[in-house]
Every structure is written in C-alpha cells, then in structure tokens.
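Letter by letter, the chains look like this.
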Amino acid sequence: MGAMGEGNVTGDSLDDAASSAGSVVLEARDGVAVLRVDGALDLALATKLRQLAERAARLRPSLLVIDLTDVTFLASAGMAELVRAHRGPTASAPLRVVATGRITLRPLELTRLVDKFAIYPSLSEALAAE
C-alpha cells in the first residue's frame, strides 16, 4: 500500500515522499513532554502523533506541549488528535499548543478550537508560561 510497493519509484521521489510525510518527535525535559510535529499533519501523521501522545502520557508529565511550528498542512485528523490529547482517555496533563500563521492557526480558528486550547506563538513561550 505504501510507496515501497510501487515498482517504478525512483530514489529521489522516495526521499520526497519521506520528507513530505513528516515526523513526530517526543522530547522529555524537566517533567514536560514536548511533541514536535514536522510536515503534513494528515491521517498518517496523526496516527503517529496519537502513539507518541500516549507514550508521553505514560511519562506522567506535568505539561504536554504539541509544537506545530514546522507543520505544513493541518488536516481534520490532526485536529482530532489535538482534541484527544487535550481531553481524551490518555489526557493526563494540561495541553499547550504552539501554532502560528495561516497553516496551523487558521484551521484552529475556523473550527473554534482556539477557544479550547492554550495556544502559544513559540515553544519557548509555551514552556515559560505559568
């Protein structure tokens, strides 16, 4: 089903597929769990975000920050995972979301999720806020 199954995929387009697919990285620092999302936060990456949010919850952090600074597209599946992290079954810590600009902040405004989340313009501000 993935790109690997295609017979005529060149190395270059595989690299492109890997970079456009994006990544989610979990960083734990001083009792805070930070999930950095990079690329298109669509259905495929949302699944990865859910897995790492669940792993972060097991660390029992005092705060969970989801950093969308490097997100290039925010799909509804991605927003659903933000809601899940905020008040889903594994939501064990307060959630802060880092979002700026049209790509990430605008969809959150249109769906009124800005009213539900604590949103910050940068990771440093999200970590520094009391």
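Structure report, in brief. Predicted model only: the values in this text are computed from it and were never measured.

1. Let's talk about the nonpolar core
The tendency in soluble globular proteins is for nonpolar side chains to be buried as a group.
And step 1. Counting residues in each nonpolar core, the largest one holds 25 residues, and the members touching the most others are Leu-35, Val-37, Leu-41, Leu-64, Ile-66, Leu-68 and Leu-108.
And step 2. Listed by contribution, the elements that provide at least two residues to this core are strand S2 (32–41), helix H2 (43–58), strand S3 (63–74), helix H3 (76–87) and strand S4 (95–98).
And step 3. At 6 residues, H2 tops the list of elements feeding residues into this core.
And step 4. Each residue touching Leu-68, except ones within four places of it in the same chain, is listed here: Val-37, Leu-41, Leu-82, Val-97, Val-98, Ala-99 and Thr-104.
And step 5. Residues Val-32, Leu-63, Val-65 and Val-98 belong to the second largest nonpolar core, which totals 8 residues.

2. Quick notes on empty space enclosed by the protein
And step 1. Throughout the structure, instances matching the rule amount to 1 cavity of 30 Å³ or more.
And step 2. Size it by volume and the largest cavity reaches roughly 130 Å³.
And step 3. Ala-53, Leu-64, Ala-85, Thr-90 and Ala-91 are the residues nearest the centre of the largest cavity, which is lined by 16 residues in total.
And step 4. Per element, the largest residue contribution to the lining of the largest cavity is 6 residues, and it comes from H2.
And step 5. Of the residues in the lining of the largest cavity, the class split is 10 nonpolar, 2 polar and 4 charged.

3. Overview of the sheet that holds S2
And step 1. Pairing is mixed across the open sheet formed by 5 strands, whose spatial order is S1-S2-S3-S4-S5. With partners counted over all chains shown, the strands left at the sheet margins are strand S1 (23–29) and strand S5 (118–120), one partner each. In this sheet, adjacent strand axes meet at a mean angle of 20 degrees when their direction is disregarded.
And step 2. Across the face of the sheet, H2 comes into contact with S1, S2 and S3 while running at roughly 175 degrees to S2.
And step 3. Sheet strands in contact with helix H4 (residues 101–110) are S3 and S5, and its direction is about 110 degrees off that of S3.

Reading the values: rules and limits
- Residues numbered from 1 in each chain as written.
- Predicted model: local features only at pLDDT ≥ 70, side-chain atom pairs only at ≥ 80, totals over all residues.
- Heavy atoms only, no water.
- Core = buried A, V, L, I, M, F, W, Y, C linked by side-chain atoms within 4.5 Å.
- Buried < 20%, exposed > 50% of the residue type's maximum accessible area, 1.4 Å probe, protein only.
- Helix = DSSP H or I, 4+ residues; strand = E, 2+ residues; numbered from the N terminus.
- Contact = heavy atoms within 4.5 Å.
- 1 Å grid on protein atoms, 1.4 Å probe; cavity = no way out; pocket = protein on both sides within 12 Å on 5 of 7 lines; lining within 4 Å.
- Points joined across faces, edges and corners; volume = space filled by probe spheres on them.
- Nonpolar A, V, L, I, M, F, W, Y, C, P; charged D, E, K, R; others polar.
- Pairing = 2+ DSSP bridges.
- Axes fitted to C-alpha atoms, helices over the stretch in contact; angles between N-to-C directions.

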